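Close look at the chain arrangement
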Amino acid sequence: MSGTILVSTVGQGVVKSADNGQTWHRLGLGQDIEFDAITRSLDVDPANPSTLYIGTDVGLCVSKDAGAKWHRIDSPFNGETVWKVAVDPNDSMRIFVGTGAPSRAVLWRTKDAGKTWDRAPVEIPEFCAGVSKPRLLAFAFDPTDSNKVWFGLEEGGLFKSVNGGDTWERIDDRLLWDFNSDIHTIQVMPNHGQKVIVVVCVNAVYRSFDDGETWEGVIAKDEFGLYYARSTAVPMGTESTIYLSVSDGTPGTTSQIFVSHDAAATWQLLPFPLQPNSCVWGIHVNPANPNQVVAGTKYGHLFTSDKAGLSWKKEWREFSEISDVLWTPAEAVIEAAHTSVIKK
């Protein structure tokens, strides 16, 4: 294994390892993220894997050194909770950010890596039945057409844009079953010329071959034996490989990961060496090595694989509540916590 593994947590900021999980390090002092902060979402600059973005309870932060130090990007949503950050894999200057509970759910866009921002012209409900205030959890770029982008809310609907986010259409009423406004994740897969939109709701996995006009799908309980579908990940540049976590609830008492190599048509179980203690909340594939996969559970178990999930290692370190994970090929220079104090 190589690079840096980062774990985004609720209450311990972001924790990282640059030595294949032998040691783990919290943030030092004097940074724009407190070492006991709430962090929600991680993403990596595809053109420079040392540049990372993280959504936090104070807004959006960036690291230029693989997570060693973080700086808040000045934005209209400073002080608000960022639940999703998504960097365009074909244009690292274009980033979408979604806020949510306890803040108002809003989608923001930058085309210059955070120097300027505009708010997406889309109506997002302020409250919803399932989680009180929505949180924007899901965002996807269409790798075959840069003008097409998607986002989804827990809870509050599924939206698509065909002009880069200038206008939006809500389409979750086209999905098949109940709870179709509770969107957990979206992936757009080239699928060897037969593009597929994969949307995971709380209880189902949907596929569309016509940009969301019509849908097919499976109920999670019927397909996997567990009803709560949560997280997905796709290797960078893949045509049709996708990982999916499914659990018995949230936070749940156990979880499983499945992989599909045919764009969510069929699935293969990737067994863990022991039962996870809760739902797998985040999965990420190293963009430089599709065999390296990291998965974290809601209540702090972390699993890594260097065999594309065919076998797993449970890391010795357990965490506070995990909200996201990331594996970047860039190696962070680690300093012991509390030593990186800003000198005046």
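Report on the accompanying structure. (Residues numbered from 1 in each chain as written. Predicted model: local features only at pLDDT ≥ 70, side-chain atom pairs only at ≥ 80, totals over all residues. Heavy atoms only, no water.)

Moving on, we get to the pairing of strand 2 (residues 14-17). Burial of the side chains of strand 2 extends over both faces: Val14 and Lys16 are buried on one face and Val15 and Ser17 on the other. Between the antiparallel neighbours strand 1 (residues 4-9) and strand 2 lie four residues, among them glycine 11 with a positive phi of about 115°. (Buried < 20%, exposed > 50% of the residue type's maximum accessible area, 1.4 Å probe, protein only. Helix = DSSP H or I, 4+ residues; strand = E, 2+ residues; numbered from the N terminus. Pairing = 2+ DSSP bridges.)

Looking at the secondary structure, you find threonine 304 in strand 25 (residues 302-305). In terms of polar contacts, threonine 304 uses its side chain to reach the side chain of glutamate 315, at 2.6 Å. (Polar contact = N/O pair within 3.5 Å; in protein donor to acceptor, adjacent residues only side chain to side chain.)

Taken together, four strands build an open sheet; the order of strands is 3-4-5-6 and the sheet is antiparallel. Each edge of the open sheet is held by one strand with a lone partner, namely strand 3 (39-44) and strand 6 (71-72). Relative to strand 6, strand 5 (residues 59-63) runs antiparallel, the two sharing two bridges. Across the sheet, residue cysteine 61 finds its bridge partner in strand 6, namely arginine 72.

Our focus in this paragraph is the pattern of salt bridges. Taken as a whole and assessed by the stated rule, the structure comprises 18 salt bridges. Residues arginine 94 and aspartate 88 are paired through a salt bridge, measuring 2.9 Å at the closest nitrogen-oxygen approach. Residue classification places aspartate 88 among the buried residues on the basis of a relative accessible area of 4%. One network of salt bridges, in which partners are shared, links Asp142, Lys148, Lys195 and Asp211. (Salt bridge = Lys/Arg side-chain N within 4 Å of Asp/Glu carboxyl O.)

It is worth spelling out the packing of aromatic side chains at this point. Two aromatic rings, taken as a pair, are described by how far apart their centres are and by the angle between their planes. Summed over all chains, the structure comprises 17 aromatic pairs. Between phenylalanine 139 and phenylalanine 141, the ring centres sit 5.1 Å apart and the planes meet at 65°, which makes this aromatic pair edge-to-face. Across the pair, phenylalanine 141 and phenylalanine 139 agree in class, each one buried. Relative to tryptophan 267, the ring of phenylalanine 224 lies with its centre 5.8 Å away and its plane at 75°, an arrangement referred to as edge-to-face. Taken as a pair, phenylalanine 224 in helix 1 (residues 220-224) and tryptophan 267 in the loop between strand 21 (255-260) and strand 22 (268-269) lie far apart in primary sequence, 43 residues in all. In this structure phenylalanine 224 comes out as buried when scored by relative accessible area, which is 9%. We classify tryptophan 267 as buried; its relative accessible area is 17%. (Phe/Tyr/Trp six-rings, centres within 6.5 Å; stacked < 30°, edge-to-face > 60°.)

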